[in-house]
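# Understanding the architecture of this molecule
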Amino acid sequence: MASSDPLLPISAREEDPLSSDVSRSDPNAETHRRRRPVKGLLAVSFGLFFIAFYVALIATHDGSRSNDVKSDGTASRARLAGVSEKGNDGMWKLTGDRNTVSFSWNNSMLSWQRTAFHFQPEQNWMNDPNGPLFYKGWYHFFYQYNPNAAVWGDIVWGHAVSKDLIHWVHLPLAMVADQWYDANGVWTGSATFLEDGSIVMLYTGSTDKFVQVQNLAYPEDLNDPLLLKWVKFPGNPVLVPPPGILPKDFRDPTTAWKTSAGKWRITIGSKINRTGISLVYDTTDFKTYEKLDTLLHKVPNTGMWECVDFYPVSKTKVKGLDTSINGPDVKHIVKASMDDTRIDHYAIGTYFDSNGTWIPDDPTIDVGISTSLRYDYGKFYASKTFYDQNKGRRILWSWIGESDSESADVQKGWSSLQGIPRTVVLDTKTGKNLVQWPVEEVKSLRLSSKKFDMEVGPGSLVHVDVGPAAQLDIEAEFEIKKESLDKILGDASVAAEAEEFSCQKSGGSTVRGALGPFGFSVLADERLSEQTPVYFYVAKGKDSKLKTFFCTDTSRSSFANDVVKPIYGSSVPVLKGEKLTMRILVDHSIVEAFGQGGRTCITSRVYPTKAIYGAAKLFLFNNAIDATITASFNVWQMNSAFIHPYSEEAVRALSRA
């Protein structure tokens, strides 16, 4: 196919720094080329359709805007762009009342909400993590960012660096929306290291016509460990929506992995009608692509798949794997973020390199269906992993959105956090789930600690005197006394409830059962008028076996009426001989909880109005009717992280730390 350079803006027709061949071919020449030749009228029709679409796409980059409007007559950039509204419309759907009067937040309350050791910009809106990587001694983190407001819009790439994933320096913006192919947003993307150590970044751009296309960028200077400047490939876009895919349903390319044939392979999220799909492309140079006939995977009735992630996990070793690793001791994870529900689902399965497909080990818990596994059962979305070659681990990042009103975000001047980075591995004990755990570096923030050993009877509540309770790291083990277990299991009058129980629908931490709930109430005021319980609930099944649930109840976390306050949680596997264990990270308005070593994780956003500053307390409780609990736990005060605006001195300070 002839070069598309004559159709590109003059500013884009420059020498390609990735290639010595200035007369390169059209970057989309192989976008619609199949592995096997397709003959006949159908192939010709598709080819003509695709050419017409591509020419129309490039020929109309004149900056015009659609006339689509919201029902109230105002423009909705998110809807025009083909993504969900990123404000708090979902909150009103949950509360059932769009006319709820906003709570009267004061500056003291809002200032307290800002976290001390979670990553967030100095101000304004942040969402998806992008292209995390480790390079020349620095961890790099890019993210979706609105530099102009605390609401979604005007999306560019923020950039920060760290030596340890905890302390950060913000750098200048990495990429901004300055080309026709990303005029309406520099959206989510992923980084890939090539064999020579160079880096390519693929990202989704929303064009001036709100068409989602894939673009290529790379560092201007590979000798710069901070990777301060990025160059957009002059032949962008390198991929446009293929035939059958709508212009607004084609986004979020993954990190590439090597095939057995020596090509690079990526997958991109999409949908056909209500079927969520993951398209697959092969490339040798990241400029021209060959679309596979097959899909990596598809699941009916799951809607649009965003932020697809695909990576290997070891079946035998507790360590991370490079994305290109494959073999008999490897399973592969497919994760997709469900645009309809704002939930990240994953499944474990088998990848077939020969045709680029993947099948789940258990189809009853396939990606995106209601029974499927989640990274996190709370507020956790658009997650992305990367292989940290520095320490041989796979790191998971995730956007943690707000659960308050958009007006409150505007008042405080910022919105959203990133969760503490987590290591992620296959649970080698069960083989059926992943295990996530905060990166080891977070322990460097631990200050003074207290150790407690307590026996807590049914219906008990104990204030845990740890001093200030807004920045804590809690690690705990629980055991139900054997006499209590024997009594319950041997008593036929105790109702079996394991089959019906759910954290979300069973009333929260105040509803008492024979063997639970028990755990901690964090961010509680002295009278417990505000509190966020994190707890286990052990239920007896019809087969007289026990099933354990791990839950977080935010229903009483705040007096504010314009806050979403769900009860989160799920069952958690507990193997024979294991004690019940939990870890809780408390950092002002975010609570991250890890059950059974990270088999079940729950992230919550909470906005207390009374349990703030010195009034925030920690309690241990046992609301079981019949069970006595022993609890052994450590509580650490947590220091604040060093997260500073960009300056050469800040970079030097972080280097010396």
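Residues numbered from 1 in each chain as written. Predicted model: local features only at pLDDT ≥ 70, side-chain atom pairs only at ≥ 80, totals over all residues. Heavy atoms only, no water.

### So, the packing of aromatic side chains
- In total, this model carries 37 aromatic pairs according to the counting rule given.
- Summarising the aromatic geometry, the rings of Phe119 and Trp168 are spaced 5.4 Å apart at their centres and angled 70° between planes, so their arrangement reads as edge-to-face. Of this pair, Phe119 sits in the loop between helix H4 (107-113) and strand S1 (124-135) while Trp168 sits in strand S4 (residues 168-175); the two residues are 49 residues apart in sequence, bridging distant segments of the chain. Judged on exposure class, the residue Phe119 and its partner Trp168 are both buried.
- Among the aromatic residues, ring-to-ring pairing joins Phe452, Phe478, Phe518, Phe520, Phe536, Phe550 and Phe633 into one connected group.
- Over the ring of Trp414 we find Arg114, and its NZ or CZ is 5.5 Å from the ring centre. (Phe/Tyr/Trp six-rings, centres within 6.5 Å; stacked < 30°, edge-to-face > 60°. Helix = DSSP H or I, 4+ residues; strand = E, 2+ residues; numbered from the N terminus. Buried < 20%, exposed > 50% of the residue type's maximum accessible area, 1.4 Å probe, protein only. Lys NZ or Arg CZ within 6 Å of the ring centre and 35° of its normal.)

### Quick look at the sheet that holds strand S8 (residues 230-232)
- One open sheet accounts for four strands, arranged S5-S6-S7-S8; its pairing is antiparallel. The open sheet has two edge strands with one neighbour each: strand S5 (186-193) and S8. For this sheet the average axis-to-axis angle between neighbouring strands, irrespective of direction, equals 30°.
- Relative to S8, strand S7 (residues 212-219) is paired through three bridges, and the arrangement is antiparallel. Bridge pairing in S8 places Pro219 opposite Trp230. (Pairing = 2+ DSSP bridges. Axes fitted to C-alpha atoms, helices over the stretch in contact; angles between N-to-C directions.)

### Some remarks on the sheet that holds S4
- A sheet is described by the order of its strands in space; here six strands give the open sequence S22-S1-S2-S3-S4-S38, paired in mixed fashion. The open sheet has two free edges, formed respectively by strand S22 (414-415) and strand S38 (643-644), since each of these has just one partner strand.
- When S4 meets S38, the two strands line up parallel, connected through two bridges. For Trp168, the partnering residue across the bridge sits in S38 and is Ile643.
- Helix-sheet contacts for helix H7 (residues 648-656) involve strand S2 (138-146), strand S3 (156-162), S4 and S38, and the interaxial angle to S4 is about 130°. (Contact = heavy atoms within 4.5 Å.)

### Things to note about empty space enclosed by the protein
- Summed over the entire model, instances satisfying the criterion amount to three cavities of 30 Å³ or more.
- What lines the second largest cavity is simply Phe117, His118, Phe119, Leu165, Ile166, Trp168, Trp397, Gln418, Gly419, Ile420, Pro421 and Ile643.
- Within the lining of the second largest cavity, the residues separate by chemical class into nine nonpolar, three polar and no charged. (1 Å grid on protein atoms, 1.4 Å probe; cavity = no way out; pocket = protein on both sides within 12 Å on 5 of 7 lines; lining within 4 Å. Points joined across faces, edges and corners; volume = space filled by probe spheres on them. Nonpolar A, V, L, I, M, F, W, Y, C, P; charged D, E, K, R; others polar.)

### Overview of the confidence of the model for the protein chain
- When pLDDT is averaged along the protein chain, the result is 88, and 85% of the positions lie at 70 or above.
- Predicted confidence is poor over residues 58-75, with pLDDT under 50, and the contacts of this stretch with residues over four places away or in other chains come to 27 contacts. (pLDDT = per-residue confidence, 0-100.)

### Let's talk about the nonpolar core
- Grouped together as the largest cluster of nonpolar side chains are 68 residues, with contacts concentrated most on Phe478 and Phe520.
- Residues in contact with Phe478, not counting those within four places in the same chain, are Phe518, Gly519, Phe520, Phe536, Lys579, Leu580, Met582, Leu620, Ile629, Thr630 and Ala631.
- Leu165, Phe386, Val439 and Val442 belong to the second largest nonpolar core, which has 26 residues in total. (Core = buried A, V, L, I, M, F, W, Y, C linked by side-chain atoms within 4.5 Å.)

### Comments concerning the side chain of Ser589
- Take Ser589: it is sitting in the loop between strand S33 (580-587) and strand S34 (590-595).
- Residue Ser589 is classed as buried on the basis of its relative accessible area, which comes to 0%.
- Only 2.7 Å separates the side chain of Ser589 from the backbone oxygen of Gln113, close enough to count as a polar contact.
- Among the polar contacts made by the side chain of Ser589, one reaches the side chain of Arg605 at a distance of 2.9 Å. (Polar contact = N/O pair within 3.5 Å; in protein donor to acceptor, adjacent residues only side chain to side chain.)

### Some details on the pairing of strand S12 (residues 275-283)
- Most of S12 sits out of view: nine of its nine residues are buried.
- Alternating residues of S12 divide into Thr275, Ile277, Leu279, Tyr281 and Thr283 and Gly276, Ser278, Val280 and Asp282, and every residue in both groups is buried.
- Two elements, strand S11 (residues 264-272) and S12, share nine bridges in a ladder whose sense is antiparallel. By the bridge assignment, Ile266 is partnered in S12 with Tyr281.
- The pairing of S12 with strand S14 (residues 297-299) spans three bridges and is classified as antiparallel. Within the sheet, the bridge partner assigned to Ile277 lies in S14 and is Lys298.
- Across two bridges, S12 lies against strand S13 (residues 290-291) in antiparallel orientation. Bridge pairing in S13 links Tyr281 to Lys291.

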